[in-house]
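Fold and geometry: a report
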2 protein chains.
Amino acid sequence: MKVKEVSELTGVSIRTLHHYDDIGLLVPDQVTEAGYRLYSDENLADLQQVLFFRELGFSLKHIKELLSSPTFKRLEALELQRDMLVQKKSQLERMLATIDRTIQSEKGENIMTNEEKFKGFDFAKNPYEEEAKARWGKKAVEQTNSQFTKEIQEDMNRIYYKLADIRHLEADSIEAQEAIEEWFLLLNRIGSYSLDAFKGLGEMYVADERFTKNIDQFGEGLARFMRDAMNVYVDQQ
Amino acid sequence: MKVKEVSELTGVSIRTLHHYDDIGLLVPDQVTEAGYRLYSDENLADLQQVLFFRELGFSLKHIKELLSSPTFKRLEALELQRDMLVQKKSQLERMLATIDRTIQSEKGENIMTNEEKFKGFDFAKNPYEEEAKARWGKKAVEQTNSQFTKEIQEDMNRIYYKLADIRHLEADSIEAQEAIEEWFLLLNRIGSYSLDAFKGLGEMYVADERFTKNIDQFGEGLARFMRDAMNVYVDQQ
DNA sequence: TTTGACTCTAACGTAACGTTAGACTTTATA
DNA sequence: TATAAAGTCTAACGTTACGTTAGAGTCAAA
């Protein structure tokens, strides 16, 4: 299948297909002697993955890393994408609720605070903050001076630094597994993580750029290392 | 309210607020002697509009045009944005349906065509095509050689050129109103447009860039002209 | 008064394409 | 078979919407 046909089938521009080939994101399986790109069914399935991740806000660089990772599995990726699309739908519904209330407000039917007007716009929120809100309740998060919160934060930072220090080790090493157990126990001080949920969280560390960005502040590649170690930890229980 | 507070309230970065001020999209009501920006409640309500339109994929330039249009009314904009958010939610649901079917396909539970894999990805679709599908049914659209379809297309193009020729006239001129009546009648050969729906469609011509882009191919500013003429036509019935 | 947080302007950099141009290739028709 | 139109290529500049960095000025609390 050549570029025009792929473009019409998928809605992606020819220029974009060239671009994706140039950056190695989606390389056609064949190229004719004239230089024409020929895309296979496998290429189309990959393109679908790319488009889903793109729709979810992933950078092309990140998408490329995910797709080329040795541990990448299409079915798992689809399930992860599905979860994230459901979250995105929830956000959209929050925005709809906000706009409905704003319409009522414009009609004089209610009063809205400025804060309420921006519900649903979660652009810069730190996912830990969202996680923490869900776990601790809103009040605890706002009382950032509380002792319990401080202790948790300090413990989190301590374990991050520890893991960053040993990230050159194998994910199944004794040191790594001890630290990850600490992490698991810490998270279960906050809330209730099953082993499956813990494993899924590790995947999110790598798949969701906001997590990766935050974690890798402690050390390049730490999110990946933690994901791997978390996988080992769960598999050994 | 200064930039940091606005940023934390809304999730928009300080750099973005600077940028929006620079391009005249969101200009703070006050600036201190030191040069500090002070945003009012009115500014925040405008920002909400900006963010909704941005979420819907509007360029900042276009958002600025909409907000500064003499006919801009916040309540109408909110209702339009709501409609568009609902459409976006539908698209997301189509993507979810596609991903669910893809998951089943990966598990060997069904077979998917390449076309089915890209349902929900409507990036480049011409809105007329979507409109036409809804009006004529899918079969008629696919039979693009059918005589009826050809006649409609020809009539559409004829009226577009006619309107493009006279767009320097006033929207309430006799010529404009005659042409718009032709347009209304043509659309009602396709489907069933109430006057209200016709008026709403005119708004979409200007608010939705895909419409604007397609219509303005016949002449710069034609979408706006048609919107105005359609408003006049409806108000005079 | 000092210090740290806040804010400013300026400017370069980035990501992801869109657009334009010229040259080569393919396809359908006369 | 020739021709014209459609298709495809590479290259390169342009666009949009910020992010990042830098240096300087401002404000508020101790």
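Our subject in this report is the structure included herewith. (Residues numbered from 1 in each chain as written. Chains lettered and ligands numbered in written order. Predicted model: local features only at pLDDT ≥ 70, side-chain atom pairs only at ≥ 80, totals over all residues. Heavy atoms only, no water.)

Before going further, it helps to spend a moment on helix α5 (residues 74-106) of chain A. Given a rise of 1.5 Å per residue, 33 residues ought to cover 48 Å, and the 47 Å separating the end C-alpha atoms of α5(A) matches this to within 8%. Remark: G108(A) follows α5(A) within two positions and exhibits a positive phi of approximately 80°. (Helix = DSSP H or I, 4+ residues; strand = E, 2+ residues; numbered from the N terminus. Expected span 1.5 Å × (residues − 1).)

Right, let's get into the interface of chain A and chain B. Between chain A and chain B, the contact holds 41 residues from the first and 41 residues from the second. Summing the contributions of chain A and of chain B, the shared interface buries around 4200 Å²; its carbon and sulfur component is 73%. Along the contact surface separating chain A from chain B lie six salt bridges. E79(A) serves as the salt-bridge partner of K107(B), at 4.0 Å between the closest nitrogen and oxygen. Here chain A is connected to chain B by 10 residue pairs in polar contact (both at pLDDT 80 or more). (Contact = heavy atoms within 4.5 Å. Buried area = accessible area lost by both parts, 1.4 Å probe. Salt bridge = Lys/Arg side-chain N within 4 Å of Asp/Glu carboxyl O. Polar contact = N/O pair within 3.5 Å; in protein donor to acceptor, adjacent residues only side chain to side chain.)

Further remarks concern the protein's contact with DNA strand D. As a structural note, the neighbourhood of DNA strand D is formed by 18 residues, with K4(A), H18(A), S13(B), Y20(B) and L60(B) the closest of them. Expressed as a percentage, the sugar and phosphate content of the atoms of DNA strand D within 4 Å of the protein is 76%. In the model, a phosphate oxygen of DNA strand D is placed 3.5 Å from a nitrogen or oxygen of the T16(B) side chain. Within the residue set of the surface near DNA strand D, elements represented by two or more residues are α1 (3-10) and α2 (14-22) of chain A together with α2 (14-22) of chain B. A per-element tally of the surface near DNA strand D places α2(B) first, with four residues. In the surface near DNA strand D, the residues fall into six nonpolar, six polar and six charged. (Near = heavy atom within 4 Å. Nonpolar A, V, L, I, M, F, W, Y, C, P; charged D, E, K, R; others polar.)

With that settled, consider the packing of aromatic side chains. For the structure shown, the criterion picks out 10 aromatic pairs over all chains. Ring geometry for F184(B) against Y233(B): centres 5.5 Å apart, planes inclined by 50°, an arrangement best described as tilted. Of this pair, F184(B) sits in helix α10 (residues 174-190) while Y233(B) is found in helix α13 (residues 222-235), placing the two residues 49 residues apart along the sequence. Each member of the pair, F184(B) together with Y233(B), is buried. Clustering of aromatic rings is evident, with ring pairs tying together F184(A), F198(A) and Y233(A). (Phe/Tyr/Trp six-rings, centres within 6.5 Å; stacked < 30°, edge-to-face > 60°. Buried < 20%, exposed > 50% of the residue type's maximum accessible area, 1.4 Å probe, protein only.)

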